[in-house]
Amino acid sequence: MYRVALSAGLATLVAGCSLGSASLSSGMVDPSPTTSSLGSKSKSSTALGGDPSAPRLTKVAKLDDQAPAGTYETAPSGILADRDYTRTQLDSEMARNLINAYRKENGLKPLKLNPELTEAAKGHSRDLAKWDRISHYGSDGSNPWDRVKRSGYKARLAAENVGTGQIDFTEVMRGWKDSPGHNKNLLMSDADHMGIALVQDPKTEFKSFWTLVLGAPM
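How each quantity is defined
Residues numbered from 1 in each chain as written. Predicted model: local features only at pLDDT ≥ 70, side-chain atom pairs only at ≥ 80, totals over all residues. Heavy atoms only, no water. Helix = DSSP H or I, 4+ residues; strand = E, 2+ residues; numbered from the N terminus. Contact = heavy atoms within 4.5 Å. Areas by Shrake-Rupley, 256 points an atom, 1.4 Å probe, with all protein chains shown as cover. Polar contact = N/O pair within 3.5 Å; in protein donor to acceptor, adjacent residues only side chain to side chain. Expected span 1.5 Å × (residues − 1). Buried < 20%, exposed > 50% of the residue type's maximum accessible area, 1.4 Å probe, protein only. Lys, Arg positive; Asp, Glu negative; His and termini not counted. Salt bridge = Lys/Arg side-chain N within 4 Å of Asp/Glu carboxyl O. Core = buried A, V, L, I, M, F, W, Y, C linked by side-chain atoms within 4.5 Å.

Participant: Help me understand the overall build of the protein, please; the structure alone is not making it clear to me.
Facilitator: Within the protein, the secondary structure is distributed over 5 helices and 8 strands. Seen in sequence order, the protein has helices and strands lined up from the N terminus as β-β-β-α-β-α-β-α-β-α-α-β-β. Here the contacts in the protein between residues at least 6 apart in sequence split such that 77% fall between residues at least 24 apart. By element, 53% of the accessible surface of the protein is carried by carbon and sulfur atoms, the whole surface being about 10,500 Å².

Written as structure tokens, this is what we have:
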């Protein structure tokens, strides 16, 4: 059983910067998922997706989609069509170094890349790209804790940030640092490991699907 904290925002689109992001952390803390906190909307935010209080966008679900209703967002048609993703790529070590530099600024220990958490992140990014949406739930109904356990990582604490639409990891980090829920995950003092993934699909509306998974072992 675990505690869950969920945070994300749906805000105005900024010229050249239409992004999606959401964060979720879960740990072996409470006998039931009793905690849930939602981030507020911000006019200066560049996030798109995730706020359950915002008007829902059109969703098209297939029969094999087991994600709970109301747990994901899709993008309006063509919303990111003017952005150039030809150079979008992920350097995992560079991403780790950026995260660790930020953690060092805040007096926290560095994270190590972990293959199991990386597989959990890759699997979720692939699933988000397949369904062209942003969510912490997989199309099989899984949540982040489920995916971390499946990866073989024996966690006592796990957290997940996701983002869609960003061109590079610098842009991803800027959005996560500006969002209280995402930032809290980046600065989890007990975290030891991380896994990160990017999946791109030019045929989708969101274009890029980023997942960061953090964890601490038993």
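Let's pick the thread back up.
Participant: Looking at this structure, how should I read the environment of Asn161?
Facilitator: As for its placement among the helices and strands, Asn161 is situated in strand 6 (residues 155–164). Considering only alpha carbons, one finds Asn161 and Leu186, 25 residues apart in sequence, at a separation of 8.5 Å. In terms of polar contacts, Asn161 uses its side chain to reach the backbone carbonyl oxygen of His182, at 3.3 Å. Among the polar contacts made by the side chain of Asn161, one reaches the side chain of Asn185 at a distance of 2.9 Å.

Participant: I would appreciate a short explanation of helix 2 (residues 115–131) in the present structure.
Facilitator: Since there are 3.6 residues in each turn of an α-helix, residues three or four apart along the chain are aligned in direction. The first and last C-alpha atoms of helix 2 sit 25 Å apart over 17 residues, in line with the 24 Å expected at 1.5 Å per residue. Regarding helix 2, the residues found buried are Leu117, Thr118, Ala120, Ala121, His124, Ser125, Asp127, Leu128, Ala129 and Trp131. Turning to helix 2, the residues buried within the fold contact strand 5 (134–135), helix 3 (144–150), strand 6, strand 7 (193–200) and strand 8 (208–217). Its side-chain oxygen placed 3.0 Å from the backbone nitrogen of Glu116, Asn114 serves as the N-cap of helix 2. Trailing helix 2 by a residue or two, Asp132 shows a phi angle of about 55 degrees, which is positive.

Participant: Sorry if this is basic, but what is going on with the side chain of Asp132 here?
Facilitator: Note on placement: Asp132 falls in the loop between helix 2 and strand 5. The buried charged residue Asp132 lacks any salt bridge, with Lys207 as its nearest oppositely charged partner at 7.5 Å. The contact partners of Asp132, leaving out residues within four places of it in the chain, are Thr74, Thr204, Glu205, Phe206 and Phe209.

Participant: Explain the pattern of salt bridges here, please?
Facilitator: Any two side chains of opposite charge can pair, so long as their charged atoms come close to each other. Using the criterion set out here, one finds 7 salt bridges in the structure. Arg133 is paired through a salt bridge with Asp65; the nearest N and O atoms lie 2.9 Å apart. With Arg133 in the loop between helix 2 and strand 5 and Asp65 in the loop between strand 2 (20–27) and strand 3 (72–73), this pair connects stretches of sequence that are 68 residues apart. The exposure class of Arg133 is buried, given its relative accessible area of 2%. Judged by relative accessible area, which is 13%, Asp65 ranks as buried. The residue Asp140 makes a salt bridge to Arg150 at a minimum N-O spacing of 2.8 Å. Of this pair, Asp140 sits in the loop between strand 5 and helix 3 while Arg150 is found in helix 3, placing the two residues 10 residues apart along the sequence. Judged by its relative accessible area of 56%, Arg150 falls in the exposed class.

Participant: I'm lost on the nonpolar core in this one. Help?
Facilitator: By size, the foremost hydrophobic cluster in this structure holds 20 residues, and its most contacted members are Ile99, Phe169, Leu186 and Leu212. Discounting residues that sit within four places of it in the chain, Ile99 has contacts with Leu111, Phe169, Met173, Leu186, Met194 and Leu212. Counting residues in hydrophobic clusters, the runner-up holds 11 residues, among them Ile79, Ala129, Ile134 and Phe206.

Participant: What is the right way to look at unusual backbone geometry in this model?
Facilitator: The bulk of non-glycine residues show a negative phi, and the bulk of peptide bonds are trans. In this model, Asp132 sits at a positive phi of 55 degrees, which is unusual for a non-glycine residue. Classification of Asp132 as buried rests on a relative accessible area of 15%. The backbone phi angle of Lys207 is positive, close to 70 degrees, even though this residue is not glycine. Relative to the helices and strands, Lys207 is located in the loop between strand 7 and strand 8. Its relative accessible area of 17% is what places Lys207 among the buried residues.

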